[in-house]
Amino acid sequence: PRLLSQFFFADERVVQVVAEINGLNAELDPQQYLVLLNQLHLSQAHLLAILERIMEECIPTQRHSRDYLVKFPEELLVDNLGNHMLFAAECLLAGTFLDVEEADRAQLRPQARNLLCSLELVRTMLREQSLSQPGSYPEPVRAVLVQFDRLFAEFELSYVSSLVAVKSPEEIYRQQEIIVLFCETVGRALRLGYLTQEMIDGYEPLLMFTIPRLAIISGLLIYPEGPLSLERSPEQMSRVFSPFYNLLKKIRDLLRVLSDEELCLLERSLCAAE
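Predicted, not measured: the structure shown is a model, and the values here were computed from it.

Our next topic: the overall build of the protein. A tally of regular secondary structure across the protein gives 10 helices and 0 strands. For the protein, the succession of helices and strands along the chain, N to C, is α-α-α-α-α-α-α-α-α-α. Taking 274 residues into account, the globule formula puts the C-alpha radius of gyration at 19 Å, and the protein, at 26 Å, lies well above it. Over its C-alpha atoms, taken along the principal directions, the protein stretches across nearly 80 × 45 × 40 Å. For the protein, the share of sequence-separated contacts (at least 6 apart) that also reach a separation of at least 24 residues comes to 70%. A total of about 16100 Å² of accessible surface is found on the protein, and carbon and sulfur atoms cover 57% of it. With 25 positive and 39 negative side-chain charges, the protein shows a spacing of 3 Å between the two charge centroids.

Written out as structure tokens, the structure is:
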């Protein structure tokens with residue numbers, strides 16, 4: 001059950017697969033090469049997962065901040081993101097990576113080299129520790145884990161930033177404004193009886209349409225200084241709403257001529273419509 005023992009056997013598996021790949025002629029047996037390559041990815045992912053658990057156990061208060069992950073597009077936040085980072089670092093050093101511009105590759109290669117060297121040092125020290133005292137983490141082991149964690153985070157941020165446009169602090173703040181608007185909208189709808197707590201607790205599918213519709217009305221009339229403020233330019237709005245700037249103006253102008261009774265009737269209709 002010891003993590004260091006688990007790490008030893010996971011590392012042994014990686015070494016075994018690498019040895020099989022090195023002893024194979026890929027041109028003569030491309031199918032087997034692909035099989036082994038997939039096994040390598042799986043074994044590396046398992047190794048990194050155990051290493052992550054070791055760091056959580058060994059250096060929980062010294063972990064490098066991962067707050068930058070909120071800047072990443074949601075489709076990149078997958079469980080095996082760490083394994084993708086390791087694969088990218090290996091490809092950059094091998095000169096086989098084509099998805100990154102040459103200027104970015106030149107900046108990323110030193111980071112990739114430092115990361116992979118740090119990983120090799122971590123693997124060596126953890127293997128030795130697992131064979132001597134598998135239940136403890138002396139200071140030298142902690143130090144190399146802290147260094148690896150930092151280098152991994154720095155490479156991850158730099159690499160993803162070279163591939164996609166990461167969110168700016170302003171865009172993150174605008175998204176938080178939208179979250180607040182939706183929360184305020186739900187609270188108001190509950191108070192006015194448009195929605196029930198049972199609908200929310202039961203994940204009523206209709207809410208996927210109802211809440212955004214009500215949020216647009218709330219954002220234009222009830223909270224006009226929030227994320228739907230039309231006093232801003234389209235460039236200052238969240239990318240969720242900026243393409244509809246002119247349409248939102250027309251909706252706001254129509255809403256302003258409604259009486260309180262008409263507005264209530266409209267909102268109730270939006271809650272019932274599919």
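What follows covers the packing of aromatic side chains. Counting across every chain of the model gives 3 aromatic pairs. Where Phe-155 meets Tyr-159, the ring centres are 5.8 Å apart and the plane angle is 10 degrees; that geometry is what we call stacked. One end of the pair is Phe-155 and the other is Tyr-159, both in helix H5 (residues 139-163) and 4 residues apart, which spans about a single turn. The exposure class assigned to Phe-155 is buried, which follows from its relative accessible area of 0%.

With that settled, consider the domain arrangement of the protein. Size of an interface: often given as the accessible area lost when the parts come together. Parsing the protein into structural domains produces domain 1 (3-163) and domain 2 (169-272). Distance from the C-alpha centre of domain 1 to the C-alpha centre of domain 2: 44 Å.

Take unusual backbone geometry next. We note that Tyr-203 has phi near 50 degrees; this positive angle belongs to a residue other than glycine. Relative to the elements of secondary structure, Tyr-203 occurs in the loop between helix H7 (197-201) and helix H8 (207-222).

With that settled, consider the state of the cysteines. Summed over the entire model, instances satisfying the criterion amount to 0 disulfides. Here Cys-183 stays free of any disulfide, with the sulfur of Cys-271 as its closest cysteine sulfur at 17 Å. Free of any disulfide, Cys-264 has its nearest neighbouring cysteine sulfur in Cys-271, separated by 9.4 Å. Classification of Cys-264 by relative accessible area gives partly exposed; the value is 28%.

This brings us to the side chain of Asp-149. Residue placement: Asp-149 occurs in helix H5. According to the relative accessible area criterion, Asp-149 is buried, its value standing at 0%. One polar contact links the side chain of Asp-149 to the main-chain amide nitrogen of His-64, over a distance of 2.6 Å. Contact partners of Asp-149, with chain neighbours within four places excluded, come to Met-55, Gln-62, Arg-63, His-64 and Arg-66.

Calculation rules
Residues numbered from 1 in each chain as written. Predicted model: local features only at pLDDT ≥ 70, side-chain atom pairs only at ≥ 80, totals over all residues. Heavy atoms only, no water. Helix = DSSP H or I, 4+ residues; strand = E, 2+ residues; numbered from the N terminus. Rg over C-alpha atoms; globule rule 2.2 N^0.38 Å. Contact = heavy atoms within 4.5 Å. Areas by Shrake-Rupley, 256 points an atom, 1.4 Å probe, with all protein chains shown as cover. Lys, Arg positive; Asp, Glu negative; His and termini not counted. Charge placed at Lys NZ, Arg CZ, Asp CG, Glu CD. Phe/Tyr/Trp six-rings, centres within 6.5 Å; stacked < 30°, edge-to-face > 60°. Buried < 20%, exposed > 50% of the residue type's maximum accessible area, 1.4 Å probe, protein only. Domains from an automatic or database assignment. Disulfide = S-S within 2.5 Å. Polar contact = N/O pair within 3.5 Å; in protein donor to acceptor, adjacent residues only side chain to side chain.

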